[in-house]
Amino acid sequence: VNLANRANEIWGYDAKKAMYDLWNPEAPRTYENFNPFERNDEGAMADFNGCFPGQSRGYKSPLRPDQSWAIMQEEAAKMEILKQDPKFSITG
């Protein structure tokens, strides 16, 4: 993930996984340090800055990847593996 230019990148599973790998849950939540798979209390996912739609002026609608049933099933399988990581369920 190119932290300096995330607005021009596709905000799909691979970019989110790269951000997740960099995320340090022990450090304060910032625009560069957040769980990209975290959902807010309304079920919305954060953008590439960690902002949630309707809850932050900083929210920017990310470029989203193409989707299909096959892609969604592949990502769901990857997410099940990722959910086994203890830091996955940490929020904030």
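This is a predicted model, so every value here is computed, not measured.

A. Structural view of the overall build of the protein chain. When helices and strands are counted, the protein chain shows two helices and zero strands. Taking 92 residues into account, the globule formula puts the C-alpha radius of gyration at 12 Å, and the protein chain, at 13 Å, falls close to it. Along the first, second and third principal axes, the C-alpha atoms of the protein chain reach 35 × 30 × 30 Å. Buried positions account for 33% of the 92 residues belonging to the protein chain. Restricting to contacts in the protein chain with at least 6 residues of sequence separation, those with at least 24 account for 40%.

B. A look at the side chain of asparagine 33. By secondary structure assignment, the location of asparagine 33 is in the loop between helix H1 (13-22) and helix H2 (69-82). In terms of polar contacts, asparagine 33 uses its side chain to reach the backbone carbonyl oxygen of alanine 27, at 3.5 Å. Here asparagine 33 is in contact with Leu22, Trp23, Asn24, Ala27 and Pro28, once residues within four sequence places are set aside.

C. Representation of the packing of aromatic side chains in the model. Across all of its chains, the model carries five aromatic pairs by this definition. Judged by centre distance (5.9 Å) and plane angle (45°), the rings of tyrosine 20 and tryptophan 23 are tilted. Overall, the relative accessible area of 1% leaves tyrosine 20 in the buried class. Their ring planes at 35° and their centres at 6.1 Å tell us that phenylalanine 37 and phenylalanine 88 sit as a pair that is tilted.

D. Representation of H1. Within the sequence span of H1, burial applies to Tyr13, Ala15, Lys16, Met19 and Tyr20. Projected onto a plane normal to the axis of H1, the buried residues spread over an arc of 165° and lie on a single side. Opposite the buried face of H1, by more than 90 degrees, sit the exposed residues Asp14 and Leu22. In this structure, the buried residues of H1 make contact with H2.

E. Local environment of the packing of H1 against H2. Look at H1 against H2: their axes get within 12 Å of each other, and the N-to-C directions meet at 10°. Judged by the angle between their axes, H1 and H2 are roughly parallel. You can see that H1 and H2 cross each other, and the crossing is left-handed. Only Glu75, Lys78, Met79 and Leu82 of H2 make contact with H1, whose side of the interface consists of Tyr13, Asp14, Lys17 and Tyr20. Each residue belonging to the contact of H1 with H2 can be placed in one class, and the counts come to four nonpolar, no polar and four charged.

Thresholds applied
Residues numbered from 1 in each chain as written. Predicted model: local features only at pLDDT ≥ 70, side-chain atom pairs only at ≥ 80, totals over all residues. Heavy atoms only, no water. Helix = DSSP H or I, 4+ residues; strand = E, 2+ residues; numbered from the N terminus. Rg over C-alpha atoms; globule rule 2.2 N^0.38 Å. Buried < 20%, exposed > 50% of the residue type's maximum accessible area, 1.4 Å probe, protein only. Contact = heavy atoms within 4.5 Å. Polar contact = N/O pair within 3.5 Å; in protein donor to acceptor, adjacent residues only side chain to side chain. Phe/Tyr/Trp six-rings, centres within 6.5 Å; stacked < 30°, edge-to-face > 60°. Arc of directions from axis to C-beta. Axes fitted to C-alpha atoms, helices over the stretch in contact; angles between N-to-C directions. Parallel < 35°, antiparallel > 145°, perpendicular 65-115°, else oblique. Left-handed = near helix turned anticlockwise from the far one by under 90°. Nonpolar A, V, L, I, M, F, W, Y, C, P; charged D, E, K, R; others polar.

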